[in-house]
Amino acid sequence: MMGNAQKVVPWLVLALLLVFLPVWFNSSFALTILSRIGIMIIFAIAYNMLLGQGGMLSFGHAVYFGMSGYFTVHFIGGMQDAATPYFPISLLPILGGLIGLILGILIGYVSTRRAGTTFAMISLGFGEMFTALTLVLVAFFNGEEGIQADRWVGPEPLGITFGPDIQVYYLIAIWTFIAVAAMFILTKTPFGRVSNAVRDNPERAEFVGYNTQRVRWLAFALSSFFAGLAGALYAVNYEHIGFETVSAATSGLVLFMVYIGGVRNFLGPIIGAVLITVLDSVLSDFSEAWFLYLGVIFIITVMFAPEGLAGLIFMHEPIWKAKPALLRALFVPYLMALGATLVACVGLIGLFELFYHVSQDLVVPDEMNLFGIVTDTASVLPWIVYAVIAGVGLFLCREAYPRTKMVWDDVISETRAALVQ
Amino acid sequence: MEIFLFSLFNGLLYGMMLFLLASGLTLIFSMMGVLNFAHASFFMLGAYFAYTISTLVGFIPALIVAPILVGVIGALVEKYGLRPVHKFGHVAELLFTFGLAFLIEEVVQLIWGRVAMDYQIPAFLKFTAFSWQGLDYQAYRVFMLLVSVGIFVALYWVLTRTRVGLIIQAALSHSAMTGALGHNVERVFMVTFGFGCALAGVAGVIGGNVLGTEPAMALQLGPIVFVVIVIGGLGSLGGALVASIFIGVLDFMANSYDLSFAPFFSLLGISADMGGTWTDLASLSSANIAPVLPYLLLVLMLIFRPRGLFGTRDV
């Protein structure tokens, strides 16, 4: 019984969060972000079915997301003109998923023959091809402008018109729950396990009797289905779709989300999608340099934490299971390392923001708002202050990191000792 | 005939510039087995450095200094960035270079801003070199061609006829054995990586003022260079040359001849008066699909002949 309860609790938490988040964050800006988060969570987990579960690095997965979005917008537009049969808006994600699935089956057939670099290159090729097509086939894609449609169409069961954003949010929330649950169950099926096997050792999987190409193809098609589902929700949410949704920018963004969140854990893509979407929505208004920071975070993840944020969190799991009291010893070192990092970040970000401000192409006033302080970029003082803060922070980091590492090594060896007993 | 010669000349020019990029990329690939996603970003850095240096000092110093700078940056990236990531496998290396490409683009915007730079062709090469069949050929374009052909010859000579070239070739194919013979293989890798980046830098210097020096230039050219080295065969210098020129000429031919595909589509029963996407399809011309062509070739190549035209191993 206990085991079952432990399995149910996370899903209950997810459901409750999805229901009550808009009650706590009820501004229209927050609601927009919440809707976006839901869509990106589906897309990110779908992407991780390839990268994390199947070991296929794709640089063009936005194709299935964006193409499904285009079809969805065309379909809604068709319903407005009565050119296409009526289909409930709330079920459009299924249609979008099928578009993704069909494309995934077709393109997957040729691209999943091999994993690794070949797969990555073919995915890049298809991504660039579709991006180029958006500018060629004008009637369908309408170039850089994109296409739009009004989702307020057809009968209104229970008064649901999908006019207000809150109704669309709950539609996205329900689909997020369904899609996350479905993709989680997939990881537990024999197919999910074989997919892992093909990722880790294709040769051995082949010897055991699995057709590795078939397994990758299936994983690719299913991943494209969920990417398409997310794309349809995107189209319903924004009532507009543009060429950037199929382009390398979107493919890159979802890769960043998944990798920074962590590819080896089911929660990783969720963490990444939430974090990056929130930062993207909030910071891009304040900082021109946001994408620079994102790139730096990504490179740091690749170099020092290849299992992502989820990996960092879950490396404490054995300690927690063996002897939770040991975690207490880590508290102070973590606090120090975190503090040092924060100081260094404030200094460096300050410098970057100053630099961005003065290097802008437009003529701008010397004053800028930096961390809520009106700063005169023409004077030397702020530059010196932030340089000093950055220097102090980096020095503190150099002091704090090795100490934290020492405590961590002690804790790990004690955990081992506790496990042996 | 004029159109043919004109697109042949310009295609050759564009192709030779692609080759400058592709040669470095293909060398780096055969060395480390990793595709450097950021290779075109070094091309962009070359163009930006050249712009700044040429406004300060002049074009000739820029032609020498900018590639050296780019090469040094490349070598540092290899030593402090790529080498530590190597232990995590090829996917991590590919991801690192992907992140690097993204980062370089942002840093370029941070330093030079988002708009295109006014990087001009040097004044002393702005005259008409020769006229043929009623078309003028600018001296700068001839100069570009000479530089890139010169580099190809020099590169080929160094790699096949000198001791340094022999060591590099040995390090590429049998790195452990070369190390056992007393050569510092890690340093060979670093220098080769830096040198490949410097070649991309040269392409940036001589191509930046023709193609335009802007933050998006790396993203535009990068995937095309991938296409080139896959079609030529990864690790093959001769293949890279043939594929570069092929892609370059193909691009200009498709654009200047502007062939219509209407006869082909009418065979399928699609005509221009059917409306919507059908009209778009029926009125497609070769100029329309020119940007799609390289990727189509890439996909077809990877499906049917993954080792490329002259490659010795599959991707």
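Bear in mind that the values here come from a model prediction, so they are computed numbers and not experimental data.

1. Regarding the overall build of chain B
So, point 1. Each helix and strand counted, chain B has 14 helices and two strands in total.
So, point 2. Radius of gyration (C-alpha) of chain B: 21 Å, near the 20 Å computed for a compact globule of 315 residues.
So, point 3. With respect to the three principal axes, the spread of C-alpha positions in chain B is 70 × 50 × 40 Å.
So, point 4. Sequence separation of 24 or more characterises 75% of the internal contacts of chain B that already satisfy a separation of 6 or more.

2. Side note on the overall build of chain A
So, point 1. Each helix and strand in chain A was counted, giving 17 helices and four strands.
So, point 2. Taken over C-alpha atoms, the radius of gyration comes to 24 Å for chain A, in line with the 22 Å a tight globule of 421 residues would show.
So, point 3. With the C-alpha coordinates aligned to their principal axes, the bounding extent of chain A is approximately 65 × 65 × 45 Å.
So, point 4. Counting every position in chain A, which comprises 421 residues, the buried fraction comes to 41%.
So, point 5. Restricting to contacts in chain A with at least 6 residues of sequence separation, those with at least 24 account for 79%.

3. A few points about the confidence of the model for chain B
Residue and element names in this part refer to chain B.
So, point 1. For chain B, per-residue confidence averages 84 on the pLDDT scale, and 95% of positions sit at 70 or higher.
So, point 2. Predicted confidence in chain B is weakest over helix α12 (residues 276–282), with a mean pLDDT of 70, and strongest over helix α2 (residues 39–56), with 92.
So, point 3. Interface confidence in the predicted complex, given as ipTM, is 0.88; pTM for the same model is 0.89.

4. Some details on the interface of chain B and chain A
So, point 1. With 40 residues of chain B in contact, the opposing surface of chain A contributes 37 residues.
So, point 2. Among the secondary structure elements, those contributing two or more residues to the side of chain B that touches chain A are α3 (59–85), α4 (90–112), α9 (217–232), α12, α13 (286–289) and α14 (293–304) of chain B.
So, point 3. Per element, the largest residue contribution to the side of chain B that touches chain A is 14 residues, and it comes from α4(B).
So, point 4. Residue classes in the side of chain B that touches chain A are distributed as 30 nonpolar, seven polar and three charged.

5. What about the domain arrangement of chain A?
So, point 1. When cut into domains, chain A gives domain 1 (10–311) and domain 2 (317–420).
So, point 2. Of note, the centres of domain 1 of chain A and domain 2 of chain A, computed from C-alpha atoms alone, are 32 Å apart.

6. What about helix α2 (residues 28–53) of chain A?
Residue and element names in this part refer to chain A.
So, point 1. Given a rise of 1.5 Å per residue, 26 residues ought to cover 38 Å, and the 36 Å separating the end C-alpha atoms of α2 matches this to within 8%.
So, point 2. At tyrosine 47, α2 shows its maximal kink, close to 35 degrees.
So, point 3. Of all 26 residues in α2, 20 are buried, a share of seventy percent or more.
So, point 4. Glycine 55 sits one or two residues past α2 and shows a positive phi near 70 degrees.

7. Re the nonpolar core
So, point 1. Among the nonpolar cores identified, the biggest contains 198 residues, and Phe43(A), Ala230(A), Val225(B) and Val228(B) are the most heavily contacted of them.
So, point 2. Here this core takes 16 residues from helix α10 (residues 212–238) of chain A, the largest share from any one element.
So, point 3. Filtering out sequence-adjacent residues up to four positions away, Ala230(A) remains in contact with Ile39(A), Ile42(A), Phe43(A), Ala46(A) and Phe65(A).
So, point 4. In terms of nonpolar packing, the next biggest core, distinct from the first, is built from five residues, Ala337(A), Ala340(A), Tyr386(A) and Ala390(A) among them.

8. Quick notes on unusual backbone geometry
Residue and element names in this part refer to chain A.
So, point 1. In the Ramachandran plot, glutamate 239 falls in the positive-phi region, its phi being about 55 degrees despite a non-glycine side chain.
So, point 2. You can see glutamate 239 is positioned in the loop between α10 and β2 (240–241).
So, point 3. On the basis of neighbour count, glutamate 239 is assigned to the partly exposed category, with 17 C-beta atoms found within 10 Å.

9. Topic: the packing of helix α7 (residues 165–188) of chain A against α10(A)
All names here are of chain A.
So, point 1. Two numbers describe how α7 lies on α10: the axes approach to 11 Å, and their chain directions differ by 175 degrees. With respect to α10, the element α7 is oriented roughly antiparallel. Along the contact surface, α7 presents Val168, Ile172, Trp175, Ala179, Met183 and Leu186, while α10 presents Leu222, Phe226, Leu229, Leu233, Val236 and Asn237.
So, point 2. Counted by class, the contact of α7 with α10 contains 11 nonpolar, one polar and no charged residues.

The rules behind each value
- Residues numbered from 1 in each chain as written.
- Chains lettered and ligands numbered in written order.
- Predicted model: local features only at pLDDT ≥ 70, side-chain atom pairs only at ≥ 80, totals over all residues.
- Helix = DSSP H or I, 4+ residues; strand = E, 2+ residues; numbered from the N terminus.
- Rg over C-alpha atoms; globule rule 2.2 N^0.38 Å.
- Contact = placed C-beta atoms within 7 Å.
- Buried ≥ 20, exposed ≤ 12 C-beta atoms within 10 Å, placed from the backbone.
- pLDDT = per-residue confidence, 0-100.
- Nonpolar A, V, L, I, M, F, W, Y, C, P; charged D, E, K, R; others polar.
- Domains from an automatic or database assignment.
- Expected span 1.5 Å × (residues − 1).
- Bend = angle between axes of the 7 residues up to and from the residue.
- Core = buried A, V, L, I, M, F, W, Y, C linked by C-beta atoms within 7 Å.
- Axes fitted to C-alpha atoms, helices over the stretch in contact; angles between N-to-C directions.
- Parallel < 35°, antiparallel > 145°, perpendicular 65-115°, else oblique.

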